[in-house]
Amino acid sequence: MGESDQTIMAVESASIKTIRGACPHDCPDTCALLVSVEAQPSGERAVKVVGNPHHPTTNGFLCKKVANYLERTYSQDRLLHPMRRIGQKGEGRFERISWDTALAEIVERFKAIGASPLGPQAILPYSYAGTMGLVQGQSMDRRFFHRLGASLLARTICSTAGGAGYKYTIGEKIGTDPENFHRARLIWIWGANPITSNVHIWPQILRAKKENGARIVVIDPFRSLTAERADQHVAPWPGTDAALALGIMHVIFREGLQDRDYLDKYTSGVEDLRRQVEPWTPERTAAETGVNASTITALALEYATTRPAAIRINYGLQRHAGGGMAVRTISGLPAIVGAWREAGGGILLSTSGAFPLNYDALERPDFIVGAPRTVNMVKLGEALTELDNPPIKALCVYNSNPAATAPDHAKVVQGLRRQDLFTVVLEHFQTDTADFADIVLPATTQLEHFDVVKPYGHYYLMCNNPAIPPLGESKPNSAIFRRLAARMGFNEPAFQQSDEEVAAAALQSDHPALRGVTLERLKAEGWVRLNLPTPFLPFAEGNFPTPSGRCEFVAPALEKLGLEPVATYIPPREAAHGVQGLAQRYPLALLSPPAHSFLNSSFANLPRFRRDEREPSIFIHPNDAGPRRIKDGTIVRVFNDRGELRLRALVSDRTRDGVAVAPSIWWRRFSPDGGNVNQLTSQALTDMGDGGTFYDVRVEIAALE
Ligand SMILES: Nc1nc2c(c(=O)[nH]1)N[C@H]1C(S)=C(S)[C@@H](COP(=O)(O)OP(=O)(O)OC[C@H]3O[C@@H](n4cnc5c(=O)[nH]c(N)nc54)[C@H](O)[C@@H]3O)O[C@H]1N2
Ligand SMILES: Nc1nc2c(c(=O)[nH]1)N[C@H]1C(S)=C(S)[C@@H](COP(=O)(O)OP(=O)(O)OC[C@H]3O[C@@H](n4cnc5c(=O)[nH]c(N)nc54)[C@H](O)[C@@H]3O)O[C@H]1N2
Ligand SMILES: [Mo]
C-alpha cells in the first residue's frame, strides 16, 4: 500500500464511527450488527453493516439478507413521506400528504368509529414480527390500541401451536443452549431448515461433526438445503411427525433402552405413555409416515445409544392440524433417554421463554377498555368479510404484510377491497398490503431507530443503537403511535415515554435471570447474556417449569381442550396421505416454506434477492410430473377449492412423491398472474394455540403449455 493510500484510509476512519446494532428480523438468530457510519457533506450515511465478531452466536457473519441491509435502508423504493390513496384499492396510486394531514385524518376516522353505535371494537390492529424489537414491535402500539378500546389481535400466525405443545411437555419455551450443540454426537434437525432460517447454528453443527464425528439427520418431506448437507435425510409425509416419534418411542421401550432413573425422578405419566406407544410398531408407523420400518428402528436405536444427542425442531413441523401435538410428543423424547443430562443433549424449539421481561409494563394491558373481543390474525379473511357485531371498519397494519402472508388470500383481498373499510399501513415499502391502504405512513428501518430485541434462538438480550437519522420523513412506529395518542387526547404518562424509557420498563423485574441486565450495559455492550449458568443445562436435574415440576407425558390440562392428555398423534386435516376424500380431487400435499433469500415476504421486493430466487416456482417429484405431462420448466396451474396460481415447475426428486413444494413468499406484483401461494392455504387452525395450518394443504397441478 502506497503512502498516499494510507493517508486516505486514516482520513476515512477519522470520519467513520461504528454503532452497535441488532438485527430486528423474525429469525431465531437475532444477530449483533456493527454499522459503520460516515459523516458526509449531505449528512451521516451508513456505509457498512457486518456481523459482530465478538458476539458468541453471530460469530462475525450475517445471512445474505442482512449482510446487504444497506440495499434495504437506502432502496430507491423506500417510503419517505405519508401518502393518501387516489386510485382504486389495490391499484397502488397515491399522492403525497403531510404528517399533519395524515394523522388528522386517521384520528378523525378512529374517533368517528369509536363514537358510532359500532364502537371502537370496529377498529382492528394487525401486526406481527416485521420487527421483533420490543419498542417498535410491542409497546406504544399495544398501549394505543388498548386505550382506544380496539378489538384485540391473537398473534398466532407463526409459532403458537408448537409453543403450546412444547409447554404441555416441558413447561416453558426453554431448550438446549445452541452454544452447546457443538458438543453433541448425534443431531436431529426435525421440521427445521437452519441453513436458511437459523444459519448461525450451522457452525455449531459443523463443529460437532468435526470434533465429535457427530451424525446429522434431517427429518423433512423436502430435501432442503440443510437436508442436502446431512448424513441422512428422512422424508415423512407432511404432518405425520408425531406418529414417527411414537414409533421411535415404541422401539426404545421395547428394547429397554430408556433411562429409567431419569424417567423415575423427573417425569410423570411414563406408564400411560408406554401404553400409548404399544401399538406403534415400526410397521404401523411406516404405514402412517411413509418412512421405512427399518429406518424407524435404526433411528430409535441410534438415538437411545448415542450421547449427547440434540434435537433441533423448529416451527416448520407445526403448521399442520396436529402441529401442537406433534411438538408436544417429540419434546418428550430427550427425557425418555435422559438426553437432558449432558451439555449438548436435549431439544431446542425456542429460547424465548427464558426472558422474564416485564411485558405488562411494555404493553399495558391495564389500559384495555372493557372486555373487547379477540380476532385471530390467521382468520383475517373471515374477519374482514364475515365478522359482525361490530364489523371491522378500520384496519391498522404495521410490521406485517398480510396481503402476501395471511392464508386464504382471496378472502383477505376481498376484505381489503371493501369500500367501507378504512385501512392504514405503516411500512418501509409499498407492499401488497399497502396497495390497499387509504393512508400509508413511512416507518424507519433498524438503522434509524432505537430498540431492544429479544431473540428466540439464543440467550442474549440484544440492543440496537440508532446509526443514522430517519430517512426522508419516516418515523419509528413508537413515534407514530405516540403522536396518534396525543391527538386522540390520551394523556397518560405511558404515552410520553421515550424509546429508551420503554425499553427500561421492560427490564423492570426481580427475576434472577435478569440480574445485571441493565439498559446501560445493553447500550454500551450491545448485548447481555441472561444470568444463567454456563454451560446451561436447563433440565439435567428435572426442574421442569410444568405444573408438576416434571416432564409431563400426561398433561391433565389438555383435557379442557378436548384433547388426549397423553402425548399422541393428531393426523393432518387436509394433507393426510391416502386416496380417500379430498385426496381424490387434490392428490398432492403442498408445502410453501421460506425461499432461501426471502424472509417471509420481506426482502422479496429487492432486486438482488428476487434475482437469486429467479421466479415463483414449485418442486414436483418425477413420479407426479410424468402422468401430468409436466416437464421441468413447464408453467403449471396449481389449484384447489380456495384458489389457483401459476408457477414454474421444477421436476426434481428433492421433494418426495405426493408432495409439491413452492418456496415462498412472493409478492403478488412479482408473480406472473398477480397470484400468491396463499391463495391455496386455508384459515383452519391448529389443535392447540389457534395457529396457522399453512403446510396442511392439498392441491392438483396441471400443465399449461
Ligand atoms: N431466510 C429466512 N429465514 C427465516 C425465515 C424466512 O422466511 N427466511 N422465516 C423466519 C420465521 S418467521 C420462522 S417462523 C422460521 C421458520 O423456519 P423453520 O422453523 O425452519 O420452518 P420452515 O422453514 O417453515 O420449515 C422448515 C422445514 O420444515 C419442513 N416441513 C414442512 N412440513 C413438515 C412436516 O410436516 N414435518 C417435517 N418434519 N418437516 C416439515 C419444510 O419442508 C422446511 O424445509 O424461520 C425464520 N427465519
Ligand atoms: N404460505 C406461507 N405463508 C406463510 C408462511 C409460510 O411459510 N408459508 N410463514 C408464516 C410465518 S411463520 C410468519 S411469521 C408470517 C409472517 O408474515 P408477516 O408478519 O407479514 O411478515 P413479513 O412478510 O416479513 O412482513 C413484515 C413487514 O413488516 C415491515 N416492517 C419491518 N420493520 C418494520 C418497522 O419497524 N415498522 C413498520 N411499520 N414495518 C416494518 C416489513 O417491511 C414487511 O413488509 O407469514 C406466515 N405466512
Ligand atoms: Mo414465523
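Description of the structure in this document. Please read all numbers here as calculations on a predicted model, not as lab measurements. (Residues numbered from 1 in each chain as written. Chains lettered and ligands numbered in written order. Predicted model: local features only at pLDDT ≥ 70, side-chain atom pairs only at ≥ 80, totals over all residues. Heavy atoms only, no water.)

### Focus: the sheet that holds strand β12 (residues 309–313)
Applied cut-off: We treat two strands as partners when DSSP finds at least two bridges between them. Only DSSP runs of H or I reaching four residues or more are called helices, and only runs of E reaching two or more are called strands; each is numbered from the N terminus. Axes, fitted as lines to C-alpha atoms, cover a helix only where it is in contact. Angles between the N-to-C directions of the axes lie from 0 to 180 degrees.
On the basis of which strands lie adjacent, the open sheet formed by five strands has the order β10-β9-β8-β12-β13 and parallel pairing. Only two strands of the sheet have a single partner each, and these edge strands are β10 (232–234) and β13 (346–348). Neighbour to neighbour, the strand axes of the sheet diverge by 20° on average, direction disregarded. When strand β8 (residues 186–190) meets β12, the two strands line up parallel, connected through five bridges. Of the residues in β12, the one forming a bridge with L186 is A309.

### Some words on helix α4 (residues 99–115)
To be explicit about the condition: Under the convention used throughout, the expected extent of a helix is 1.5 Å for every residue step, that is, one less than its residue count. Only protein chains enter the accessibility calculation, which uses a 1.4 Å probe. A residue is then buried if its area is under 20% of the maximum for its type, exposed if over 50%, and partly exposed in between. To be clear, the arc concerns the directions from the helix axis to the C-beta atoms. Whether two residues are in contact is decided by their heavy atoms, any of which lying within 4.5 Å being enough.
Between its first and last C-alpha, α4 extends 24 Å over 17 residues, near the 24 Å set by a 1.5 Å rise per residue. Of all the positions in α4, only W99, A102, L103, I106, V107, F110 and I113 are classed as buried. Projected onto a plane normal to the axis of α4, the buried residues spread over an arc of 130° and lie on a single side. Opposite the packed face of α4, turned more than 90 degrees from it, sit the exposed residues E108 and A115. Buried residues along α4 sit against β6 (123–127), α6 (140–148), β15 (394–398), β16 (422–427), β17 (439–442) and α22 (477–488).

### Some remarks on the site of ligand 2
Put simply, the rule is: Throughout, the term near means that a residue has one or more heavy atoms lying within 4 Å of the molecule or strand in question. Residues adjacent in sequence count toward polar contacts only when both atoms are side-chain atoms; beyond that, a polar contact is any pair of N or O atoms within 3.5 Å, and within protein one must be able to donate a hydrogen and the other to accept it. Reported accessibility uses the Shrake-Rupley method at a 1.4 Å probe radius. Residues are deemed covered only where the shown protein chains occlude them. All amino acids are sorted into three groups, where Ala, Val, Leu, Ile, Met, Phe, Trp, Tyr, Cys and Pro are nonpolar, Asp, Glu, Lys and Arg are charged, and the leftover types, Gly among them, are polar. Marked domain ranges trace back to an automatic or database domain assignment.
In the vicinity of ligand 2 lie 30 residues, with N401, T405, E427, S601 and S602 positioned nearest. In this structure, an oxygen atom belonging to ligand 2 sits 2.9 Å away from a side-chain N or O atom of Y695. For ligand 2, whose free accessible area comes to 930 Å², the fraction covered by protein is 97%. Partitioned by chemical class, the residues of the shell around ligand 2 number 10 nonpolar, 16 polar and four charged. When residues of the shell around ligand 2 are assigned to domains, at least three fall in each of domain 1 (83–158 + 362–446 + 473–508) and domain 3 (582–703).

### Thoughts on the sheet that holds strand β5 (residues 94–96)
Ordered in space as β5-β4-β17-β16-β15-β6, the six strands form an open sheet in which the pairing is mixed. Among the strands making up the open sheet, the edge pair consists of β5 and β6. With strand direction ignored, the average angle separating the axes of adjacent strands in the sheet is 20°. In this structure, strand β4 (residues 83–85) lies alongside β5, joined through three bridges in antiparallel fashion. Counterpart to R85 in the pairing with β5 is F94.

### What about the layout of surface pockets?
Rules: Method remark: on a 1 Å grid restricted to protein atoms, a set of points is classed as a cavity if a 1.4 Å probe fits but cannot get out and as a pocket if it is open with protein on both sides within 12 Å along at least five of seven lines; lining residues have an atom within 4 Å of a point. Grid points are joined across faces, edges and corners, and a volume is the space filled by probe spheres set on the points.
Reported here for the second largest pocket is a volume of approximately 1,100 Å³. Forming the boundary of the second largest pocket are 38 residues, of which Y128, Q138, R142, R155 and K454 lie nearest the centre. Elements that contribute at least two residues to the lining of the second largest pocket include exactly β6, α5 (134–138), α6, β7 (152–154), α7 (160–170) and α18 (359–363). Residues that form the lining of the second largest pocket fall into these classes: 17 nonpolar, 13 polar and eight charged. Lining the lining of the second largest pocket are residues from two domains, each supplying at least three of them: domain 1 (83–158 + 362–446 + 473–508) and domain 2 (161–349 + 546–561).

### Here we look at the pairing of β15
Of all five residues making up β15, five are buried, and the element is well covered by its neighbours. Side chains A394, C396 and Y398 of β15 all project onto a buried face; the interleaved residues L395 and V397 project onto the opposite face, where all are buried too. Relative to β15, β6 runs parallel, the two being bridged by five bridges. Bridged to P125 within β15 is C396. Here β15 runs beside β16; their pairing, made up of five bridges, is parallel. Looking at β16, one finds that A394 is bridged to F422.

### Observations regarding the nonpolar core
Put simply, the rule reads: We define the nonpolar core as a collection of buried residues of types Ala, Val, Leu, Ile, Met, Phe, Trp, Tyr and Cys that are connected through side-chain atoms lying within 4.5 Å of one another.
One finds F110, F144, W188, W190 and L333 to be the most contacted residues of the largest nonpolar core, which totals 120 residues. At 10 residues, the largest contribution of residues to this core is made by helix α11 (residues 241–254). Built from parts of two domains, this core gets at least three residues from each of domain 1 (83–158 + 362–446 + 473–508) and domain 2 (161–349 + 546–561). In this structure, L333 is in contact with W188, W190, A245, I248, M249, I252, Y303 and I311, ignoring residues within four places of it in sequence. Judged by nonpolar contacts, the second largest core, of 39 residues, contains L421, A434, V440 and V661.

### Focus: the site of ligand 1
D220, D241, F598, N600 and Y695 are the nearest of the 33 residues found near ligand 1. Between ligand 1 and the protein, one listed contact pairs an oxygen atom with a backbone N or O atom of N193 at 3.1 Å. Protein contact buries 99% of the 900 Å² of open area that ligand 1 shows by itself. Each residue belonging to the shell around ligand 1 can be placed in one class, and the counts come to 17 nonpolar, 11 polar and five charged. Looking at the shell around ligand 1, you find at least three residues from each of domain 2 (161–349 + 546–561) and domain 3 (582–703).

### Overview of the pattern of salt bridges
Quick note on the threshold: Salt bridge, as used here: a side-chain nitrogen of Lys or Arg that lies within 4 Å of a carboxyl oxygen of Asp or Glu.
Going through the model one piece at a time under the given rule, you end up with 42 salt bridges. Between D420 and K393 there is a salt bridge, with the nearest N and O atoms lying 2.8 Å from each other. With D420 in the loop between α21 (409–416) and β16 and K393 in the loop between α19 (380–385) and β15, this pair connects stretches of sequence that are 27 residues apart. What emerges from the salt-bridge pattern is a single network uniting R223, E228, D653 and R654.

Keep in mind these numbers describe shape, not what the thing actually does.
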